[in-house]
Amino acid sequence: MSLRIFHSFPRIELKMTTFVALMALYFATVLNYPVVAKIFDLSEGAAHPWFPYTAPFLLFCCFVIIFSVFALPYLFKPLMALFTLTSAAALYAAVNFQVMFDTSMMESVFETNLSEASFYFNISSILYVLVFGVIPTVFIFSVDIVPQRTWFKVLVARSSLILMGIAGIIFVAAISYKDYASVGRNNKYLSKMIIPAHIFNAVRYIDKAHFTTKLAYQPQGEDATLRKAQNGKPTLMVLVLGETARGMNFAYNGYERDTNPYTKDLNLISFQDVSSCGTYTALSVPCMFSSFERSNYNKAKAMAQDNVLNVIAHAGVDILWIDNDGGDKGVAKKLAYKEIKSSLKNDDCDGKTCFDSVMLADADTFINKDDADKLLVLHTIGSHGPTYWQRYPQHMGTFSPACNRSDIEKCTDQQITNVYDNTLVYTDYILSQVVKKLEGHADRYNVAMMYISDHGESLGEKGLYLHGTPYAIAPIEQTQVPWLMWLPSQYAQQKGIDTDCLAREAKTNAYSHDNFFHSLLGFYGVETQVKDSSLDLVAQCRPS
């Protein structure tokens, strides 16, 4: 769109230094209200009562210096428009969901498709962008910069502004250094709250994702072999990969509500203390399928080597990944892949999103095509928020009243919990349908199912919503995930697994996504040198 439209608005003549100062003031006081408010909250017990009041002034000084560097003719106003519009969206997320736009969060943002992004469109988010982004942008393009007569005057004016910013920082340091050192040392996440840090971190992500030389691919587990069943039947296993399900809300794990009504009589084994690799899908999914542990996980290295599915494929297993959650995050790039199009319109899809039941038809096609050893991965949309009510058919809602809106901050905590728990009940229904389908093929296959989620979710605890909080400060609600196994007696016998032992271990021991790579191999019955038996939770329950 041509910028000529802005010429219809009243023109405002400002010197560049004045314009820089005004933009710095707006960013320091309005767009960074969340970090300033947090400093006020943390200032109790500070050595000096004026400490929190210096925060907006310190931010102002920092922005004055930064913006002065970029205050170039023909460049500054478009940059400020970009910063302002995107910062308005970041402000909405920060105020309502306490989101921090660090590098990890920007990875999640860039790997979110348009369908997922639409879940966040609502009256509140649109008003935030309009009031704090669009209207200030109109002001930006209504400003006419009064040119200095000489470059020397430009240099003097700009240098003076930068020096004033530096002097302000020195002044704040002189009167409040100990307070900032104390609060900063104990709350290192504060720097991640500053807006527009998302611009800097977006550039870092783009550089890393698209302009960094990829590592040479390294196969692993090519020695993989599948232990043959004594009954001569091939193996058929379904791995259901959950989205945003937190373990503490599963009835299997002691939750007071019956969120597992459909599978409670199917003898599923629930591992009750399981930690995720990350707090968002773009990190957790590649990490859990890799052979790396969370402490040493490196995405570039993980993407440059075979993951657990590739290793199982080396053993001659036919694998299909069916996706209903916006992509496999690179895990299935060397495997057969079927993506559910959210634009479909049928009983399961409304043109924007699909219920997870939509995957079952493609599952039938894969299962029935031959009698080979098979592993089917169903990547569900599960409990993806904030549009939780779109994750299940409304007639299957168990708990009410439910928060049937995307601006969940407008709902009560109970309404949010109700709608979220409804998504878990529907997930349980999907699992029961998978089990029913597998039982129908038990005469041809040794059948089993595994369910595990990628990360958890905050539902308002400690003022946090959704997920993606940096792991170091993430609450347990975002890091504790469910992990279920269904293995009928035929499967357990053929794979040499003591189910009673497994059930006991599931109740008493703590596990994490670190165990997933090795346990999936052990559960399916694949032997390879890359499998670490100490991390295979099935290995300890095999009769010697």
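The rules behind each value
- Residues numbered from 1 in each chain as written.
- Predicted model: local features only at pLDDT ≥ 70, side-chain atom pairs only at ≥ 80, totals over all residues.
- Heavy atoms only, no water.
- UniProt positions renumbered as here; feature names shortened; annotations may be inferred.
- Helix = DSSP H or I, 4+ residues; strand = E, 2+ residues; numbered from the N terminus.
- Buried < 20%, exposed > 50% of the residue type's maximum accessible area, 1.4 Å probe, protein only.
- Pairing = 2+ DSSP bridges.
- Core = buried A, V, L, I, M, F, W, Y, C linked by side-chain atoms within 4.5 Å.
- Domains from an automatic or database assignment.
- Contact = heavy atoms within 4.5 Å.
- 1 Å grid on protein atoms, 1.4 Å probe; cavity = no way out; pocket = protein on both sides within 12 Å on 5 of 7 lines; lining within 4 Å.
- Points joined across faces, edges and corners; volume = space filled by probe spheres on them.
- Nonpolar A, V, L, I, M, F, W, Y, C, P; charged D, E, K, R; others polar.
- Phe/Tyr/Trp six-rings, centres within 6.5 Å; stacked < 30°, edge-to-face > 60°.

## Looking at the UniProt feature "domain: Sulfatase N-terminal" (unreviewed entry) in the protein chain
Then, number 1: In the UniProt entry, the feature "domain: Sulfatase N-terminal" (unreviewed entry) is given for residues 237-525.
Then, number 2: With 30% helix and 16% strand, the stretch residues 237-525 has end C-alpha atoms that lie 11 Å from each other.

## Looking at the pairing of strand S7 (residues 318-323)
Regular strands show a simple pattern: their side chains alternate between the two faces of the sheet.
Then, number 1: Burial of S7 is extensive: 5 of the 6 residues sit out of reach of the surface.
Then, number 2: In this structure, S7 lies alongside strand S9 (residues 374-379), joined through 6 bridges in parallel fashion. Along S9, the bridge assignment pairs leucine 320 with leucine 376.
Then, number 3: Across 4 bridges, the pairing between S7 and strand S8 (residues 336-339) is parallel. Opposite aspartate 323, over in S8, you have glutamate 339 as the bridge partner.

## As for helix H19 (residues 516-524)
At 3.6 residues per turn, the α-helix brings residues three or four places apart onto the same side.
Then, number 1: Burial runs high along H19: 9 of the 9 residues are buried.
Then, number 2: Of the residues one or two after H19, glycine 525 is the one with positive phi, at around 100°.

## Let's talk about the nonpolar core
Then, number 1: Among the nonpolar cores identified, the biggest contains 92 residues, and Phe67, Val434 and Met449 are the most heavily contacted of them.
Then, number 2: By residue number, the principal contributor to this core is helix H15 (residues 413-439), which donates 10 residues.
Then, number 3: In terms of domain composition, this core takes at least three residues from each of domain 1 (12-210) and domain 2 (225-527).
Then, number 4: Not counting chain neighbours up to four residues away, the residues in contact with valine 434 comprise Val238, Val240, Leu360, Leu378 and Met449.
Then, number 5: Among the nonpolar cores identified, the runner-up in size contains 48 residues, and Val317, Met450, Tyr491 and Phe516 belong to it.

## Some points on empty space enclosed by the protein
Then, number 1: Using the criterion set out here, one finds 4 cavities of 30 Å³ or more in the structure.
Then, number 2: Lining the largest cavity are 13 residues, with Ala94, Val99, Phe101, Met193 and Ile195 positioned closest to its centre.
Then, number 3: Looking at the lining of the largest cavity residue by residue, the classes come out as 10 nonpolar, 2 polar and 1 charged.
Then, number 4: There is about 50 Å³ of room inside the second largest cavity.
Then, number 5: Lining the second largest cavity are Tyr217, Ala302, Met303, Gln305, Asn307, Asn310, Gly330, Val331 and Lys333.
Then, number 6: Across the lining of the second largest cavity, the residue classes break down as 4 nonpolar, 4 polar and 1 charged.

## Regarding the packing of aromatic side chains
Then, number 1: Scanning the model with the defined rule gives 26 aromatic pairs in all.
Then, number 2: Taken together, a centroid distance of 5.7 Å and an interplanar angle of 85° make the contact between tyrosine 92 and phenylalanine 97 edge-to-face.
Then, number 3: For tyrosine 92, a relative accessible area of 5% corresponds to the buried category.
Then, number 4: Here phenylalanine 97 falls in the buried class, since its relative accessible area comes to 3%.
Then, number 5: Ring centres 6.2 Å apart and planes at 70° place the aromatic pair phenylalanine 97 and tyrosine 465 in the edge-to-face group.

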